[in-house]
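Observations on the model geometry
Each chain, written out:
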Amino acid sequence: MSEAQAVIGIDLGGTKIYAAIVDPQGKILATSRKRTRAELGFEAVVDRIVGCAKEAIEISGLKAEEIPAVGIGSPGPLDLTRGRIIETPNLGWKNAPIRDALQQKLERPVMIDNDGNVGLL
């Protein structure tokens, strides 16, 4: 398998956003980190997530088109079917459409799961 099959993994937390480009063997090719700045609101944080992901892609030397998918670990509870954060006190969001917002801006399929679950991966 080649680096062209690498994916983006994103950890969304109350204080930081961490993005990593990871190859199929689990090797981290590049990372980027930003403060979450939740006080700026949902749209601003989505833009910060996108910026963090794009920075990691640039550092990796890959092109965005070579990244087939994005996974994000988010505090929850989550509605995995609809791709929404039901509520997260540390970000102050309710019914936030995180999956759709990121898919639109990153132009890639996005999968979400609880940050505790994906942290184990």
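What counts as what
- Residues numbered from 1 in each chain as written.
- Predicted model: local features only at pLDDT ≥ 70, side-chain atom pairs only at ≥ 80, totals over all residues.
- Heavy atoms only, no water.
- Axes fitted to C-alpha atoms, helices over the stretch in contact; angles between N-to-C directions.
- Helix = DSSP H or I, 4+ residues; strand = E, 2+ residues; numbered from the N terminus.
- Parallel < 35°, antiparallel > 145°, perpendicular 65-115°, else oblique.
- Left-handed = near helix turned anticlockwise from the far one by under 90°.
- Contact = heavy atoms within 4.5 Å.
- Nonpolar A, V, L, I, M, F, W, Y, C, P; charged D, E, K, R; others polar.
- 1 Å grid on protein atoms, 1.4 Å probe; cavity = no way out; pocket = protein on both sides within 12 Å on 5 of 7 lines; lining within 4 Å.
- Points joined across faces, edges and corners; volume = space filled by probe spheres on them.
- Phe/Tyr/Trp six-rings, centres within 6.5 Å; stacked < 30°, edge-to-face > 60°.
- Buried < 20%, exposed > 50% of the residue type's maximum accessible area, 1.4 Å probe, protein only.
- Expected span 1.5 Å × (residues − 1).
- Arc of directions from axis to C-beta.

**Description of the packing of helix H1 (residues 42-60) against helix H2 (residues 98-106)**
Between H1 and H2, the least distance of the axes is 10 Å, while the angle of their chain directions is 50°. What the angle tells us is that H1 and H2 run oblique. Of the two elements, H1 crosses H2, and the hand of that crossing is right-handed. Touching Phe42, Glu43, Val46, Asp47, Ile49, Val50, Ala53 and Lys54 of H1 are Ile98, Ala101, Leu102, Lys105 and Leu106, all from H2. When grouped by side-chain class, the residues that make up the contact of H1 with H2 number nine nonpolar, no polar and four charged.

**A closer look at the layout of surface pockets**
Leftover empty space is mapped by rolling, across the atoms, a probe with the size of a water molecule. The computed volume of the second largest pocket comes to approximately 150 Å³. Among the secondary structure elements, those contributing two or more residues to the lining of the second largest pocket are H1 and H2. Among the residues making up the lining of the second largest pocket, the classes are represented as six nonpolar, no polar and five charged.

**Structural notes on the packing of aromatic side chains**
Considering all chains together, one arrives at one aromatic pair under this definition. Both rings, one in phenylalanine 42 and one in tryptophan 93, keep their centres 4.9 Å apart while their planes meet at 80°; by these two values the pair is edge-to-face. Of this pair, phenylalanine 42 sits in helix H1 while tryptophan 93 is found in strand S7 (residues 93-96), placing the two residues 51 residues apart along the sequence. For the pair shown, phenylalanine 42 and tryptophan 93 are each scored as buried.

**A look at H1**
An ideal rise of 1.5 Å per residue puts 27 Å on 19 residues; H1 measures up with 27 Å between its terminal C-alpha atoms. For H1, every residue scored as buried is listed here: Phe42, Val45, Val46, Ile49, Val50, Cys52, Ala53, Ala56, Ile57 and Ser60. Projected down its long axis, H1 carries its buried residues within an arc of 160°, all on one side. Exposed and oriented more than 90 degrees from the buried face of H1 are Glu58 and Ile59. Backbone geometry just after H1 places glycine 61 at a positive phi near 85°.

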